[in-house]
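If you want the building blocks of each chain, they are given just below.
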Amino acid sequence: MSASVLKSTVDTKSPAAQKNHRRIVDLLTQLKNEEELICAGGGPKAVDSQHKKGRLTGRERVKKLVDPGSQFFELGIYAAYEMYEEWGGAPGAGVITGLARVCGRTVMLIVNDATVKAGAFFPLTAKKVIRAQNIAIENRIPTIYLVDSAGIFLPLQEDVFPDTDDFGRVFRNNAVMSAMGIPQIAAIMGMCVAGGAYLPVMCDHILMTEGSGLFLAGPALVQAAIGQKTSAEELGGAKMHSQISGTVDFREPDDESCIARIRSLVDKMGAPNTAPFSHTKSRDPLYPGQEIYSIFTADPGKQYDMRDIIASIVDASEFDEYRGESGETLLCGYARIGGWAVGIVANQKKHVQTFARGSDQKRIEFGSVIYTESAEKAARFILDCNQNRIPLIFLHDVNGFMVGKDAEWSGIIRAGAKMVNAVANSVVPKISVICGGSFGAGHYAMCGKAYDPRFMFAWPTARYAVMSGDAAATTLAEIKLKQLEREGKKVDEKQKKEVYESIRSTYEHQTDPRYAAARLWVDAIIDPAHTRDALIWALEAAALNSEIREFKTGVLQT
């Protein structure tokens, strides 16, 4: 059986390639420094306070829980980035989430970081926990909760308590996951109070360490409410819940023994159902992931060949390109990643010389733009992948759909709607990676956040908005200047430039991937060289769900 082997065309020693390399390395260095600060949580004093209580920090617990020598694939580390600063910030939203291997099993970890406001739930904390649960639900991933939280952050309770993606949804998801047969283990390793007390009690197994507390109301609130005086231990300590209320399944003396018990329980879980997707032995690409640094450019005026990126990601650099001579601004094809069969839909950044539709007149199609032919090709390819149970990978670097008379006459809206329909109704796992731009309706067609990708990743070079920064700044600046003119204010060239730069700066900040990750629009900002590893994590997680519903698209405008 043969497959096309991609041949890299990149001269990694050229000045342009070296410039690309330096830019990505600089961005990654900045991200690494920021992530180290986030991982520090509430800082040294808060860590010391946790240790004085005889407890490990959340990150120390994760390190002891995961299999020795394995990686923890963290999700949502930038949650709440640059937010809640009036309250001193909330690094990582005060909770650690991600995929790990425990006793050889892929699991989802949801771990309170008690060094950040005693693990209290900010609005983004609830949303981050819910996102982790939703990933677990979609992919049927066993979930482990390490609970150490003071409950809702009361000054912001109105944004944490009432809505469908707020605190109560966490417990609803606990119940739904249990009904679906998704294993859940909860360990109370500190405080677990008020509504938050329902989380562990709705899981399959409940563990609790000595010195922890589990109660609907703490001693002070009990005294205020009903006048009863009691100690925390008597009210809701581990011994009481183990011997009297019977709420706790396992009482453990400390964090280390609790983690050992969790591992023992995971070790005895039954195997998941067989994955419905094709899987063979993994083979390394012919080109190292680090070559992506030299290949990729975020400069809108520069081109690169997306095939060179794909060659550094897929097994043996083999790629069966689908309709390679049609609709060339979108690449579609079959490959394997980590042994898993995948269908890839990727924006091509190179300009393409082709013929105008229905004539022999030559034209140039611009890279990163979706034309009628490319949208129709992608829609057909996505249908094939669903027919053959092949997971889909979307690699974004898209400016949007082509506009203008020729595009409209060719039926660009109809073709775009067909592609969006296929993406929206796709039943196989979908995983998106935003490499460069992901703008406007092109973002939707390439399986943006609203189209239920199982995982959404971004490179540090990603830009994520309704349109690019320059285009948006020009449009918004014109609107602002016309408003000033209507108010009778004269604006000179210097003021015009200041208005433009101010708007552009704000807009560029909002298109930064960290801004998106802070709001959980992307699950992780990944090193481009580690794209293959991230996709393997995602594919292995997706393979835990053996159920694929019937594929239907409804009406397609043909």
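Here the structure is a predicted model, which is why all the values come from computation and not from measurement.

Enquirer: So what exactly am I meant to see when it comes to the pattern of salt bridges here?
Expert: Using the criterion set out here, one finds 22 salt bridges in the structure. A salt bridge links K418 to E376, with the shortest nitrogen-to-oxygen separation between them at 4.0 Å. Taken together, the positions of K418 in helix α15 (residues 412–425) and E376 in helix α13 (residues 372–387) put the pair 42 residues apart, joining distant regions of the chain. Overall, the relative accessible area of 17% leaves K418 in the buried class. For E376, a relative accessible area of 19% corresponds to the buried category. Taken together, the shared-partner salt bridges connect E34, D512 and R514 into one network.

Enquirer: How should unusual backbone geometry be read in this particular structure?
Expert: Leaving glycine aside, a negative phi is the common case for residues, and trans is the common case for peptide bonds. For A118, which is not glycine, the phi dihedral falls at a positive 55 degrees. Judged by its relative accessible area of 42%, A118 falls in the partly exposed class. Its identity as a non-glycine residue notwithstanding, S317 has a phi of 55 degrees, on the positive side. Positionally, S317 belongs in the loop between α12 (306–311) and β9 (320–321).

Enquirer: Any chance you could explain the packing of aromatic side chains here in plain terms?
Expert: The geometry of an aromatic ring pair is captured by two quantities: the separation of the ring centres and the angle between the planes. In the structure shown here, the tally under the stated rule is 17 aromatic pairs. Seen in terms of ring centroids, Y84 and F122 are 4.9 Å apart; in terms of plane orientation they differ by 40 degrees. Their pairing is tilted. Of this pair, Y84 sits in the loop between β1 (73–75) and β2 (95–102) while F122 sits in the loop between β3 (105–112) and α4 (123–139), and the two are 38 residues apart along the sequence. By relative accessible area, F122 is classed as buried at 0%. The structure contains a cluster of three or more aromatic residues connected by ring pairs, namely F73, F455, F457 and W537. Lying over the aromatic face of W537, R101 brings its terminal NZ or CZ to 4.2 Å of the ring centre. The lysine or arginine in question, K405, covers the ring of W409, its NZ or CZ lying 5.2 Å from the ring centre.

What counts, and where the lines are drawn
- Residues numbered from 1 in each chain as written.
- Predicted model: local features only at pLDDT ≥ 70, side-chain atom pairs only at ≥ 80, totals over all residues.
- Heavy atoms only, no water.
- Salt bridge = Lys/Arg side-chain N within 4 Å of Asp/Glu carboxyl O.
- Helix = DSSP H or I, 4+ residues; strand = E, 2+ residues; numbered from the N terminus.
- Buried < 20%, exposed > 50% of the residue type's maximum accessible area, 1.4 Å probe, protein only.
- Phe/Tyr/Trp six-rings, centres within 6.5 Å; stacked < 30°, edge-to-face > 60°.
- Lys NZ or Arg CZ within 6 Å of the ring centre and 35° of its normal.

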